[in-house]
Amino acid sequence: MYLVVIAWMYVVLMMSAAEAASSNGTVLGALVTLLLYGIGPVVLVVYLMGAPARNKTIKKREADARASHLASAGQMTGPDTASAVAPDTGSHAPGGAEAIARDTGIAPVGKEP
C-alpha cells in the first residue's frame, strides 16, 4: 500500500514542479496542487486504510484488559478452571414437570397418571 502512496506523491511532486517552473504558473499554484492533489488525498487514504488495523489493536487491548481484570479478581474461566457440569443446551425448560413426575410418581399439572 505504501508503494502506491510513494508513487502518487512522486507524481504530485512532479506536477507541482511543472506548475512552478511553467511560464504562466506560480509557486502558489504549485503549493495548492501539492496540497489538494497530494497531501490531502494521501492522508485521507492512509487513514481509511489503517482503520481495520486500529480496530484490531483496540479489540486486542480490551481483551487483554478484560483478561487481566478477571485474573486479578480470581474469576479466570479457561479450560483448566471450567466447571465439571456441562451447561443445559436443550430447548426445553430445565427441571420441568415431566422430570419431576418420573422421579416421584406425581402426575404433572393437567395430566392423568
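Residues numbered from 1 in each chain as written. Predicted model: local features only at pLDDT ≥ 70, side-chain atom pairs only at ≥ 80, totals over all residues. Heavy atoms only, no water.

Visitor: Explain the packing of helix H2 (residues 27–49) against helix H3 (residues 51–73) here, please?
Guide: When two helices pack together, their arrangement is given by the angle between their axes and by how far apart the axes lie. Their axes nearest at 4 Å, the elements H2 and H3 cross at an angle of 40°. Between H2 and H3, the interaxial angle falls into the category oblique. Counted together, Tyr47, Leu48 and Met49 of H2 and Ala51, Pro52 and Arg54 of H3 form the full contact between these two elements. Classifying every residue of the contact of H2 with H3 gives 5 nonpolar, no polar and 1 charged. (Axes fitted to C-alpha atoms, helices over the stretch in contact; angles between N-to-C directions. Helix = DSSP H or I, 4+ residues; strand = E, 2+ residues; numbered from the N terminus. Parallel < 35°, antiparallel > 145°, perpendicular 65-115°, else oblique. Contact = heavy atoms within 4.5 Å. Nonpolar A, V, L, I, M, F, W, Y, C, P; charged D, E, K, R; others polar.)

Visitor: Whenever I open this one, the environment of Gly38 confuses me. Can you help?
Guide: Secondary-structure assignment places Gly38 in helix H2. Classification of Gly38 as buried rests on a relative accessible area of 0%. Remark: the alpha-carbon pair of Gly38 and Val11, spanning 27 residues in sequence, is separated by 8.6 Å. Setting aside chain neighbours within four positions, we find Gly38 in contact with Trp8, Met9, Val12 and Thr33. (Buried < 20%, exposed > 50% of the residue type's maximum accessible area, 1.4 Å probe, protein only.)

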